[in-house]
Amino acid sequence: MQFYLAAGAGDTLPHGRFRPVRAVYRVGPRLLAAQGSAPPQGGLMLVDDGGECGGDDVLARDILRECLRREYDGVVLDWRPGGARGGLTARVGQLCGQYGRRLFVPEGYAAHAPRASVLVNTAVAGGTLKSCLEDAVRRFGAGRIALDLERLRLDYTLPHSANRRRALSLTELRRLREGKTVYFSEELCARYFTYRSGNDNHYVLFDDAQSLRKKAALAENMGIREAFLMLPEVADIAGELLQT
């Protein structure tokens, strides 16, 4: 599995086997970049959705120009679900194809850039991860898929509902799991435990280095060969994940 590690302006890259992703760009009236240390040579540039932005052609040319200037291998578009970036995605896809650069797009934007690699999120909280990946392979083909290995840390108030959950910090997770029996869900490929607080029962679903590597292995068995990780989300387990 080829891992890509996305890092912001203030993040320090760990040692390990990965390709760097420079996560310092966002769209606005023009392409905007955060200040920070010198960008890594090669790797990819990640462009975040900054809300209201300029024209598609102007922004696409800004993105491609920066990609070529910094000698990036390609572009990752980190658009929010349900957004309105179809036209910009299509234009970036055209320019990346014209100049021999790769493009990675969220699953919801796959139709706008038919030659782009598609980011499939593995933070599955219902059903099974295997069925989710199998469905993606049927729709896109394994060779077009790259995993978005988002690290789960969710606390659900039972009965289970997406409307009764909250994200946990690493410190909160460590406190809550202290003294608890932790189980592994083969269906979700994630760890979990339960606890009681007042009158409420809680179910905590989370990833560690081992569960993330299991997700990557499951995908690799289906022919998927690339996966993305994000700093600082995996900073505490980067060594184990990337086999440093």
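Nothing here was measured: the structure is a model prediction, and the numbers come from that model.

Visitor: Please explain the packing of helix α1 (residues 56–69) against helix α2 (residues 86–98) as it appears in this structure.
Guide: Two numbers describe a pair of packed helices, the interaxial angle and the distance between the axes. At a closest axis distance of 9 Å, the pairing of α1 and α2 adopts a crossing angle of 40 degrees. Taken together, α1 and α2 sit at an angle that is classed as oblique. Crossing of α1 against α2: the hand is right-handed. Seen from α1, the contacting residues are Asp 56, Asp 57, Leu 59, Ala 60, Arg 61, Ile 63 and Leu 64; seen from α2, they are Gly 87, Leu 88, Arg 91, Val 92, Leu 95 and Cys 96. Its residues assigned to classes, the contact of α1 with α2 shows eight nonpolar, one polar and four charged.

Visitor: Hey, could you run me through the sheet that holds strand β11 (residues 183–185) in this one?
Guide: Spatially, the five strands line up as an open sheet ordered β10-β9-β13-β12-β11, and their pairing is antiparallel. Bordering the open sheet on either side are β10 (165–167) and β11, each of which pairs with just one other strand. Here the strands of the sheet are splayed against their neighbours by 30 degrees on average, with no regard to which way each runs. Bridge count for strand β12 (residues 190–197) against strand β13 (residues 200–206) is seven bridges, and the pairing is antiparallel. Paired with Arg 191 across the two strands is Phe 206, which belongs to β13. Sheet contacts for helix α4 (residues 170–177): β9 (153–157), β10, β12 and β13; angle to β12, the most-contacted strand, approximately 70 degrees.

Visitor: Which parts of the structure should I look at to understand the packing of helix α3 (residues 129–140) against helix α5 (residues 209–221)?
Guide: Their axes nearest at 10 Å, the elements α3 and α5 cross at an angle of 40 degrees. Classified by the angle between their axes, α3 and α5 sit oblique to one another. Crossing of α3 against α5: the hand is right-handed. On α5, the residues touching Leu 129, Lys 130 and Leu 133 of α3 are Lys 215, Leu 218 and Ala 219. Looking at side-chain class alone, the contact of α3 with α5 contains four nonpolar, no polar and two charged residues.

Visitor: What's the story with unusual backbone geometry in this structure? I'm lost.
Guide: Generally, phi is negative for residues other than glycine and the peptide bonds are trans, each holding for most cases. The linkage connecting Leu 158 with the following residue, Pro 159, adopts the cis geometry, with an omega of 5 degrees. Examined against the element boundaries, Pro 159 turns out to sit in the loop between β9 and β10. Geometrically, the link from Leu 231 to Pro 232 is a cis peptide bond, its omega value of 5 degrees lying close to zero. Take Pro 232: it is sitting in the loop between β14 (226–230) and α6 (238–242).

Visitor: Where do I start with the pattern of salt bridges in this structure?
Guide: Opposite charge on two side chains permits them to pair, given that their charged atoms come into close proximity. Within this structure, the stated rule accounts for 18 salt bridges. Close ionic contact of Asp 135 with Arg 138 constitutes a salt bridge, the shortest N to O distance being 3.7 Å. With a gap of three residues between them, Asp 135 and Arg 138 both fall in helix α3, about one helical turn apart. A relative accessible area of 29% places Asp 135 in the partly exposed class. Classification of Arg 138 as exposed rests on a relative accessible area of 61%. The salt bridge involving Lys 215 is made with Asp 207; its shortest N-O contact spans 3.0 Å. Assessed through its relative accessible area of 0%, Asp 207 is described here as buried.

Visitor: Help me understand the packing of aromatic side chains in this model?
Guide: Here the distance between the centres and the angle between the planes together describe a pair of aromatic rings. According to the stated counting rule, one finds eight aromatic pairs in the structure shown. Ring geometry for Tyr 192 and Tyr 203: centres 5.6 Å apart, planes at 40 degrees, overall tilted. Placement of the pair is Tyr 192 in strand β12 and Tyr 203 in strand β13, with a sequence separation of 11 residues. Using a relative accessible area of 14% as the deciding quantity, one classes Tyr 203 as buried. Through a chain of ring-to-ring contacts, the aromatic side chains of Tyr 156, Tyr 183, Tyr 192 and Tyr 203 assemble into a single cluster. Between Lys 214 and the ring centre of Phe 184, over which it is positioned, the NZ or CZ distance is 5.6 Å.

Each value, and the rule that gives it
The numbers attached to residues start from 1 for each chain and follow its sequence in the written order. In keeping with the model being predicted, local features are shown solely for residues with a pLDDT of at least 70 and side-chain atom pairs are shown and tallied solely at 80 or more, while totals for entire chains, interfaces and linings include all residues. Heavy atoms from the whole structure form the basis of all side-chain values; hydrogens and water molecules are not counted. Orientation is described by axes fitted as lines to C-alpha atoms, over the contacting stretch for helices, and by angles from 0 to 180 degrees between their N-to-C directions. In this description a helix means any DSSP run of H or I spanning at least four residues, a strand means any run of E spanning at least two, and both kinds are numbered starting from the N terminus. Our angle categories are set so that under 35 degrees counts as roughly parallel, over 145 as roughly antiparallel, 65 to 115 as roughly perpendicular, and the remainder as oblique. Two helices cross in a left-handed way if the nearer one is turned anticlockwise from the farther one by less than a right angle. They cross in a right-handed way if the turn is clockwise. The contact criterion used throughout is that any non-hydrogen atoms of two residues lie within 4.5 Å. Just so you know the grouping, Ala, Val, Leu, Ile, Met, Phe, Trp, Tyr, Cys and Pro go in nonpolar, Asp, Glu, Lys and Arg go in charged, and all remaining residues, Gly too, go in polar. Between any two strands, pairing holds if DSSP finds at least two bridges. Salt bridge, as used here: a side-chain nitrogen of Lys or Arg that lies within 4 Å of a carboxyl oxygen of Asp or Glu. We call a residue buried when its accessible area falls under 20% of the maximum for its residue type, exposed when it is over 50%, and partly exposed in between, using a 1.4 Å probe and counting protein chains only. Geometry of aromatic contacts follows a simple scheme: Phe, Tyr and Trp rings, the Trp one being its six-membered ring, pair when their centres are within 6.5 Å, and the pair is stacked under 30 degrees between planes, edge-to-face over 60, tilted otherwise. Here, over-ring charges are defined by two tests on the NZ atom of lysine or the CZ atom of arginine: distance to the ring centre within 6 Å, and angle to the ring normal within 35 degrees.

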